[in-house]
Structures are given as structure tokens and as C-alpha cells.
Amino acid sequence: MGKVITTRSLSTVGKSKTRTQSLIPKLPGKLCTDPESISMASTDFGNIVRGTPRGVLQPSCHEEIVDLVRDAYSNDNTSVPFPIAARGCGHSVRGQALALGGVVVDMTSLASCQGSTGGGAAIAVSWSRPFGHYADVGGGQLWRDVLEETLRHGLAPVSWTDYLYVTVGGTLSNAGISGQTFRYGPQISNVYEMDVITGTLELTTCSPDENPDLFYSVLGGLGQFGIIMRARIALDRAPKRVKWVRILYSDFSAFTRDQEHLVSKNARDQDDALDYVEGLLLVHQGPPDSWRSSFFPEPDHLRIGSLIDRHKIIYCLEVAKYYDDLTENTVNEDLENLFRGLSHIPEFLFQKDIAYIDFLDRVRKGELKLRAQGRWDVPHPWLNLFVPKSRISDFHDGVFKNIVLKRSITTGTVLIYPVNRNKWDDRMSAVVPDEDVFYFVGFLHACGFDDWQEFDLQNKELLQFCEDAGIEVKQYLPHFGSEPEWMRHFGSKWRLFRERKARFDPKMIFAPGQRIFDRNR
Ligand code: FAD
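Residues numbered from 1 in each chain as written. Predicted model: local features only at pLDDT ≥ 70, side-chain atom pairs only at ≥ 80, totals over all residues.

### Topic: helix 17 (residues 494–504)
Logical step 1: Along helix 17, the residues that are buried comprise Phe497, Arg500 and Phe504. Along the axis of helix 17, the buried positions cluster into a sector of 65°, meaning they face one direction only. Across helix 17 from its buried face, at more than 90 degrees, point the exposed residues Arg495, Glu499 and Ala502.
Logical step 2: Residues of helix 17 that are buried make contact with helix 7 (212–218) and helix 16 (483–490). (Buried ≥ 20, exposed ≤ 12 C-beta atoms within 10 Å, placed from the backbone. Helix = DSSP H or I, 4+ residues; strand = E, 2+ residues; numbered from the N terminus. Arc of directions from axis to C-beta. Contact = placed C-beta atoms within 7 Å.)

### Some thoughts on the site of the ligand
Logical step 1: The full set close to the ligand counts 36 residues, and Gly88, Gly139, Gly169, Gly170 and Gly223 are the nearest of them.
Logical step 2: Listed by contribution, the elements that provide at least two residues to the shell around the ligand are strand 5 (84–87), helix 5 (168–172) and strand 12 (227–237).
Logical step 3: Tallied by class, residues from the shell around the ligand come to 15 nonpolar, 18 polar and 3 charged.
Logical step 4: Residue-level mapping places the shell around the ligand at the junction of two domains, with at least three residues from each of domain 1 (8–107 + 502–514) and domain 2 (117–237). (Near = placed C-beta within 6 Å. Nonpolar A, V, L, I, M, F, W, Y, C, P; charged D, E, K, R; others polar. Domains from an automatic or database assignment.)

### With respect to the domain arrangement of the chain
Note: interface size is frequently given as the accessible area lost on complex formation between the parts.
Logical step 1: Partitioning the chain into domains gives domain 1 (8–107 + 502–514), domain 2 (117–237) and domain 3 (241–476).
Logical step 2: For the side of domain 1 that touches domain 2, the secondary-structure elements that each account for two or more residues are helix 2 (62–73) and strand 5.
Logical step 3: Taken together, the residues of the side of domain 1 that touches domain 2 break down into 15 nonpolar, 4 polar and 2 charged.

### A short note on the environment of Asp106
Logical step 1: Secondary-structure assignment places Asp106 in strand 6 (residues 103–106).
Logical step 2: By C-beta crowding, Asp106 is classed as buried, having 21 other C-beta atoms within 10 Å.
Logical step 3: Along the primary structure Asp106 and Leu57 are separated by 49 residues, whereas in three dimensions their C-alpha atoms are 6.1 Å apart.
Logical step 4: For Asp106, the contacting residues outside a window of four places in its chain are Val56, Leu57, Gln58 and Arg87.

### Structural notes on the nonpolar core
As a rule of thumb, soluble globular proteins bury nonpolar side chains together.
Logical step 1: Of all hydrophobic cores here, the largest spans 129 residues; its most connected members are Ile84, Val105, Val196, Leu219, Val387, Tyr439 and Phe440.
Logical step 2: In terms of residue count, the dominant contributor to this core is strand 15 (residues 314–323) (8 residues).
Logical step 3: With residues near it in sequence (within four places) discarded, Tyr439 still touches Phe386, Val387, Lys389, Ile392, Ile416, Tyr417 and Pro418. (Core = buried A, V, L, I, M, F, W, Y, C linked by C-beta atoms within 7 Å.)

### Brief notes about the sheet that holds strand 15
Logical step 1: Read across the open sheet, the 8 strands follow the order 16-13-15-14-18-19-17-20; overall the sheet is antiparallel. A single partner strand is all that each edge strand has here, and the edge strands are strand 16 (349–355) and strand 20 (474–476). Recorded for the sheet is a direction-independent mean angle of 25° between the axes of neighbouring strands.
Logical step 2: Sheet analysis places strand 18 (residues 413–420) next to strand 19 (residues 437–444), joined by 8 bridges and oriented antiparallel. Bridge pairing in strand 19 places Tyr417 opposite Phe440.
Logical step 3: Its contacts with the sheet put helix 8 (residues 252–263) on strand 13 (241–249), strand 14 (276–282), strand 15, strand 18 and strand 19, and the angle it makes with strand 15 is roughly 20°. (Pairing = 2+ DSSP bridges. Axes fitted to C-alpha atoms, helices over the stretch in contact; angles between N-to-C directions.)

In C-alpha cells, the structure reads:
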């Protein structure tokens, strides 16, 4: 972990209302309390929020987690049970995986243990009816490892995140989205069943047919209902290579019109449909590539730079088409057909041909570069939003043109791409706008220890703009400080979310860093 700054501490949460002392976890000899373990579990990728746990459990089997939860639950009603946070890689940005004064369960330590996937270890690829091919995967496994193992069988999951060094349990607690979401849905829509440890049930298998309430609660459930020990993930035949294309627009309406066309049912249903559709803004001077990927050929940097200078904002459509030996001869023609009729700037189309694994793992290179420069473990006041399609043009004018350009501090990446709501299951806990198509907009600011507050101010300003303009955005990887804000976020799902919490975690011990429920109330 890099230098940690404390600006807003989780210690404010629940502090004033503590009735009695929290129970002290028993588990003698199992909890790590050495400074390195405590420091690792006290902050996250965001480097903004801090919360020191009493100990870190590095389990070697699921029974140790069951014991820990039982321990937290076995109080006599006079003590407040200690909180427990499952931690994947801690790639949250606002303390969501912290457990102030409680126990952090390092889920990645299970990934390296031998044993059954029910125990949280291993990645096992199988086939059976009615699923077809699937992988049983421990909750602490990295998606990068899932990819590598499934590729050995010529298979792969269909839905991804842009960055693969996050855990299965971590992304399933949110949604897991990327350029494949328009076609396959988020990762939470590609799970057949899970094993979960809740506060009231020990290790329980759930699926749409077996304990469905638990299944739908946990998917997108922000870690509130229990700990995901195993997930059964849908697999498909893995392609070999990818045509990866970026095309530039100076006109926002043309850009969104083309994006919406490419994710539409008509385009999706074609044999030559794209496998990945994203988009990003190019707003700053200097090289057009961001830390997340080097893409544009160096000889073209100058002319792309002049284009950005001229228009202030350039919209970059990013798409990918997978292929293998069978489709190698037709992929270029398919792409040409797809691009015919798009309204991009004709001479600004760039293409790469890379291995499938390199495409999916494209952000890793940027991470390693930043790490080498000491720019990875810095504050990350990232903001991720879902914006209804009907208001994306107002969002563009108010946020991109009037806030981002005027402040001119967005030196990171701004992602923007549409997804289809019918690929999300409303029974799940995840919350999205109530429109058939909505946009994901991610402000992945790159800043330092000195200037991150400026980015945070920009986040607040743009959220206020949306509020004033009546643009009903939903936060992805949400972060709120009060119950009314959470109620508003969940909208019509709030009552059910609260009931499910009372059912599966009545003492409110899980994922306290999300700051949704105050167990001292
Ligand atoms: P953590 O941050 O450790 O945990 C997140 C939450 O899940 C916490 O509340 C935690 O308690 C809970 N949790 C963790 N494991 C479990 C479990 N086994 N059972 C129950 N609850 C659990 N997200 C996307 O969707 N798409 C992207 O393209 C994307 N790109 C990213 C790129 C970078 C560089 C980074 C840093 C993050 C990115 N993310 C993306 C966000 C990432 O998916 C989330 O941070 C997510 O939480 C996974 O991270 P993690 O495994 O480190 O989970």
C-alpha cells in the first residue's frame, strides 16, 4: 500500500451511538494483527477513506469464515457484534471493503488454497445440463486467473470488466460491466448458482431455483447479505483473436446515434454483431492515449492532437470483434459492413489485431507502467454513473461541456457507452435507471495527493447539476453518507433490500464500509 491520507474517516460512522463494547473475535491464533496486514486492510484503491480493523482473517477453508460469522452472531444482546468485511483486492474507492474495529476477511488467501470450490478455492471447468459449459469459481479468485484456467479448455466467460485484477466476489457484489455488457449483460447476469455464508444460514447454495431470494439479494448486493464463497459462471467457446477498432467523432449526437445503433437489437441479432462496444472522451492536450491503454499509432498522435485542439472534445467509439480460425476470412468484411453507414470522421479509424487474452487484459500494462512511476497508489476519487439515454445529450452539455471543459482538470479517462436494460434482471439488488437503454459514464480521474480534492469538487458539482436538471442518474459502485441518500438510490427496491438485510444479516455485520445500515441505531 502506498501513502495513505485520511480525510474522511469511517470512524465517524456509528461512533457516537455505540451502546456497548463490540465483542472481541475469539478465533485465537487465526487473526492477523501484524502492522502489515492491518495496514493493507485499512485502506483501498481509492486511498481516500481509512478504517482500521481489529484483525484480518486469512482463511484456509470456508469453516474458518463460518466460525468467524458465528462468533460475531453469538452475543447475548447486550454487546454489539463486530463487523465483518469480505475483501477481494480492495479495488473499491470509498472504503467499501473496510471494517472499522472489526474483521476483514482476505478472500484472496482462499484462492491459493487447495480444496473444493465450495471452500472458496480452485477454478473447476465442467459441463452439464441445463447449463452447458460452466466454471465453479471461488469468490476470492481473480478474473484474470479465471480467464487463464478456462482458456486451457478453449472456453471463457462472456462478460468482463475492463480490468481483470478484481475478484469474482467483488464484482458480483456490484455488477461487473464492460464493453460486452450490451450483448451479454453484466457479470451478475451470467451466474448460475452460488454458495454463500450469511449471518443466519451457514454455507448455503442458491440459484434461481434453490433459495432464489438469497441468490437475487447477493447479486449486486454490495456485500450486505453474506460472503460469496463460490459462483458458477457461464462459459462459451473462446475466440482466438480480436479486431480492436477506435473511430473518432467530433459530433456528440452522431457518436451516440452510432453507439446506440451498434448495441440495438437489430445489430445484436446479426451474425456479424460486435462483441464489445465502449467509448471515451478525448479532451486533453498531449498524447491521445491514457494510462488505461496505448492504442493510437504514434505517427498519428499529432493529427489526433490537432483534432482535439480544434474541437475541444473528441468522442472515440471503441469496438471489438472476436474471431477464430473459422471466421478469420470473413471478419474484415463483417467489420466493413458494420462500419458502413456510421458517421465518424472518415480518416480517423484505427485498428489493431491482437490475441484475445491480450485484449481482455489490456489495462494491466497501464497499471504496471503507473506502478513503475509510483502513480498507482495515489488517491482515486473516481465517479461512475448510469445516465438515462433520454438525458444523455443534456448530460453532455451540462457536464462535459460546462463542467469538465471549464474546470479542465480531467486528466484521466472518461468512459461513455450504452447498455441495454433487458440484459439486467430486476430481481437482483443492482440498481439501474428505468429506461430501455442507459449510458455508463465513468470519470476515472488520474490525480495526486495534492489535487484530488479538486476532482472531488468536480464530482460534487456534476452530481448537483444532474440533481438541478432532473437527470435521474444512478451511481455505479455507489457511495453515500446517509440513509435518505441510500433510500433514494434504491428507490422502489429499498424496502425489499432492507427486508432482505433483516433476513440474511439481522445483526448488520456484513460490509459496514458501504455505510448503508447503522447497526448501532
Ligand atoms: P473489493 O473492493 O475488495 O470489495 C468490494 C465490495 O464487495 C466490498 O463491499 C466487499 O466487502 C464486497 N466483497 C468482496 N468480496 C466479496 C465476497 N466474496 N462476498 C461478498 N462480498 C464481497 N468494475 C467494473 O464493473 N467494470 C470495470 O471495467 C472496472 N474497472 C476497474 C478498473 C480498475 C483499475 C479498478 C481499480 C476497478 C475497476 N472496477 C471495475 C471496479 C471493481 O469491479 C470494483 O472495485 C469491485 O468491487 C471489485 O473489486 P475487488 O474484488 O477488489 O472488491
